[in-house]
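Tertiary structure, described
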Amino acid sequence: MDYFALQNGELYAEDVPLSRIAGEVGTPVYVYSAATLRRHARVFREGLAAVPRVHCAFAIKANPNLAVLRVLAQEGFGADVVSVGEMKRALASGMAAKDIVFSGVGKSRAELAAALDAGIGQFNLELEEEGVVLAQLAAERGMTAPAVLRVNPDVDAGTHEKISTGKAENKFGLPIDQAPEIFARLAKLPGLNLRGVAVHIGSQLTSLDPLEAAFNRIGALVRELRAAGHAVTHVDLGGGLGVPYRPGEEPPSPADFGAMVARVTKDWDVALMFEPGRVIAANAGVFMTQVLWVKPGVTHPWVIVDGAMNDLARVAMYDAYHAVEAVRPSGEMITANVAGPVCESSDVFAKARKIDTVKTGDLIVLRSAGAYGATMASTYNSRPLVPEVLVEGANYAVVAGRIAAETIMSEENVPDWLK
Ligand SMILES: *Cc1c(COP(=O)(O)O)cnc(C)c1O
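Here the structure is a predicted model, which is why all the values come from computation and not from measurement.

Right, let's talk about the overall build of the protein for a bit. Within the protein one finds twelve helices and 21 strands. Against the globule reference of 22 Å for 419 residues, the protein gives a C-alpha radius of gyration of 23 Å, in line with a compact fold. Expressed as a percentage of the 419 residues in the protein, the buried residues total 56%. For the protein, the proportion of contacts with a sequence separation of at least 24, taken over those separated by at least 6, is 70%. A total accessible area of about 17900 Å² is found for the protein, and carbon and sulfur atoms account for 52% of it. Averaged over its 39 positive side-chain charges, the protein has a centre that lies 2 Å from the centre of its 48 negative ones.

So, in structure tokens, the structure goes:
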């Protein structure tokens, strides 16, 4: 459920007409709804009401905008970060260091040190050597680093291969069969408080079965570690819950997910951590763009819009589907292709899609763009970096400005010998 809906024939974000934002901020632009973010955060937490000791860490990579993080901090969420840049954002948004989890397969030594100095709550280790280095860095500081081992359960998440992370051949996590010996060696190191395990098998999961299979393997590993005399107090079950992108899609709800988690983990007796990203943010945002031209095509007309793959990469990267809607629908429909101005044939948002009839100057939105949208934007083709707006009730604010090509150029330099 979200708070983007038609009022008097025109699409609104909460109580603000999208056309007003387009008029005042320009297009292309991302628009987020704070009420939707808050609702998703609450529904996710309520889904887990039957599970004792839950910690929710928003996966910042899904949407790192400071205002978005501030809303989620107010909802009691911590953060799952994959770089020091993301850690700085979490801290700047008011999240407590102890509520930050540091994931990622390639944390640099400098990043590990910076995260220790910030006092973050947990390091999710990806390989034994990382644990050795972290233990050393912590010992040098007279600290003990709270850590868990991320294991790869070798489960097929059944999602797009580019967002699948839990198969043995993926780069993420330690092979689950090697986890007990690695755990035993790392647990001995002073400087490390190795307290549990983590798993994350992929994103946009539309079935609970692979998650349940992975969690069952984690449960067996927890029993094995305890049998070997280790204290296991924390398990991080990652993120990955899918969202509806197409009309009629009904992925498992947070309540379904919570019921499965409660059943599978009932004897675990650990603090459980979750790292939802997409399920919180995706449907809390739209990408708004204006029609530049309607160009005749061989089979269908090309609706050329001012937004492009550099602003919203998901379609070009993952063949993703985003629903296309006119901000002021006339009631008439056409079958068309929707594409941006970037000089790549992959810069196409929709092909042979039945959409509202639009003409030059009309506004359209691509729905479900609040996660993995602006965060992946670039300035390819020397386009400005796309701005972001947050709406709450009748208020809205530009929460990330449009960064002009001139500003990017000002960081570039022609060396003296070329002058
Ligand atoms: C990307 C990621 C997440 C979030 O995934 P969603 O599908 O957005 O919920 C959580 N944990 C880790 C380790 C990740 O890499």
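Now, onward.
As a further point, take the domain arrangement of the protein. By a widespread convention, an interface's size corresponds to the accessible area lost as its parts come together. By domain assignment, the protein separates into domain 1 (4-32 + 282-409) and domain 2 (34-278). Computed over C-alpha atoms, the centres of domain 1 and domain 2 are 32 Å apart. Taken together, the contact between domain 1 and domain 2 spans 24 residues of the former and 24 residues of the latter. Summed over both sides, the interface between domain 1 and domain 2 buries roughly 2100 Å², with carbon and sulfur atoms accounting for 54% of that surface. Its largest share of buried area at the contact with domain 2, domain 1 owes to Tyr318, Tyr321 and Tyr372, together 30% of the area lost on that side. On inspection of domain 1 and its partner domain 2, the count reaches one salt bridge. The shortest N-O distance in the salt bridge between glutamate 392 and arginine 38 comes to 2.9 Å. Listing elements by their share of the side of domain 1 that touches domain 2, those giving two or more residues are α11 (314-318), β20 (388-392) and β21 (395-400). For the side of domain 1 that touches domain 2, the element with the highest residue contribution is β20, accounting for four residues. Class assignment of the residues belonging to the side of domain 1 that touches domain 2 gives a composition of 13 nonpolar, six polar and five charged.

Turning next to the sheet that holds strand β3 (residues 16-17). Pairing within the open sheet is antiparallel, and its three strands lie in the order β1-β2-β3. The outermost strands of the open sheet, each flanked by one partner alone, are β1 (4-7) and β3. As paired strands, β1 and strand β2 (residues 10-13) are joined by four bridges and run antiparallel to one another. Counted as the bridge partner of phenylalanine 4 is alanine 13 from β2.

On to the nonpolar core. Membership of the largest hydrophobic core comes to 105 residues, with the highest contact counts inside it found for Phe44, Phe123, Phe215, Val235 and Phe257. For this core, the element with the highest residue contribution is helix α8 (residues 209-227), accounting for seven residues. Counting contributing residues per domain, this core is built from domain 1 (4-32 + 282-409) and domain 2 (34-278), each supplying no fewer than three. When near neighbours in sequence (up to four residues on either side) are disregarded, phenylalanine 123 contacts Phe102, Leu112, Ala115, Leu116, Leu134, Ala145, Pro146, Ala147 and Val148.

In this section: the environment of arginine 278. With respect to the secondary-structure elements, arginine 278 resides in helix α10 (residues 278-281). In this structure the C-alpha to C-alpha distance between arginine 278 and alanine 157, which are 121 residues apart in sequence, comes to 15 Å. Residues contacting arginine 278, with those up to four places away along its chain left out, are Ala62, Ile163, Ser203, Gln204, Leu241, Val243, Tyr245, Arg314, Ala371 and Tyr372. Side-chain polar atoms of arginine 278 contact the side chain of tyrosine 245, separated by 2.7 Å.

What follows deals with the packing of aromatic side chains. All told, the structure shown has eight aromatic pairs when counted by the stated rule. Judged by centre distance (6.1 Å) and plane angle (65°), the rings of phenylalanine 287 and phenylalanine 349 are edge-to-face. Highlighted residues: phenylalanine 287 in strand β14 (residues 285-295) and phenylalanine 349 in strand β18 (residues 348-356), separated in sequence by 62 residues. Residues phenylalanine 287 and phenylalanine 349 agree in their burial class; the two are buried. Taken together, the ring pairs connect Tyr30, Tyr32, Phe287 and Phe349 into an aromatic cluster.

Moving on, we get to the pattern of salt bridges. Taken as a whole, this structure holds 21 salt bridges when the rule is applied. The salt bridge involving aspartate 269 is made with arginine 53; its shortest N-O contact spans 3.0 Å. Remark: arginine 53 occurs in the loop between α2 (34-47) and β5 (54-59) and aspartate 269 occurs in the loop between α9 (254-264) and β13 (271-274); sequence separation between them is 216 residues. Accessibility expressed as a relative area gives 48% for arginine 53, which makes it partly exposed. Close ionic contact of arginine 383 with aspartate 311 constitutes a salt bridge, the shortest N to O distance being 2.7 Å. Placement of arginine 383 in the loop between β19 (363-366) and β20 and of aspartate 311 in the loop between β15 (302-305) and α11 is noted, with a sequence separation of 72 residues between them. Salt bridges here are not isolated pairs; linked through shared partners, they connect Arg38, Arg42, Glu75 and Glu392.

Criteria and thresholds
- Residues numbered from 1 in each chain as written.
- Predicted model: local features only at pLDDT ≥ 70, side-chain atom pairs only at ≥ 80, totals over all residues.
- Heavy atoms only, no water.
- Helix = DSSP H or I, 4+ residues; strand = E, 2+ residues; numbered from the N terminus.
- Rg over C-alpha atoms; globule rule 2.2 N^0.38 Å.
- Buried < 20%, exposed > 50% of the residue type's maximum accessible area, 1.4 Å probe, protein only.
- Contact = heavy atoms within 4.5 Å.
- Areas by Shrake-Rupley, 256 points an atom, 1.4 Å probe, with all protein chains shown as cover.
- Lys, Arg positive; Asp, Glu negative; His and termini not counted.
- Charge placed at Lys NZ, Arg CZ, Asp CG, Glu CD.
- Domains from an automatic or database assignment.
- Buried area = accessible area lost by both parts, 1.4 Å probe.
- Salt bridge = Lys/Arg side-chain N within 4 Å of Asp/Glu carboxyl O.
- Nonpolar A, V, L, I, M, F, W, Y, C, P; charged D, E, K, R; others polar.
- Pairing = 2+ DSSP bridges.
- Core = buried A, V, L, I, M, F, W, Y, C linked by side-chain atoms within 4.5 Å.
- Polar contact = N/O pair within 3.5 Å; in protein donor to acceptor, adjacent residues only side chain to side chain.
- Phe/Tyr/Trp six-rings, centres within 6.5 Å; stacked < 30°, edge-to-face > 60°.

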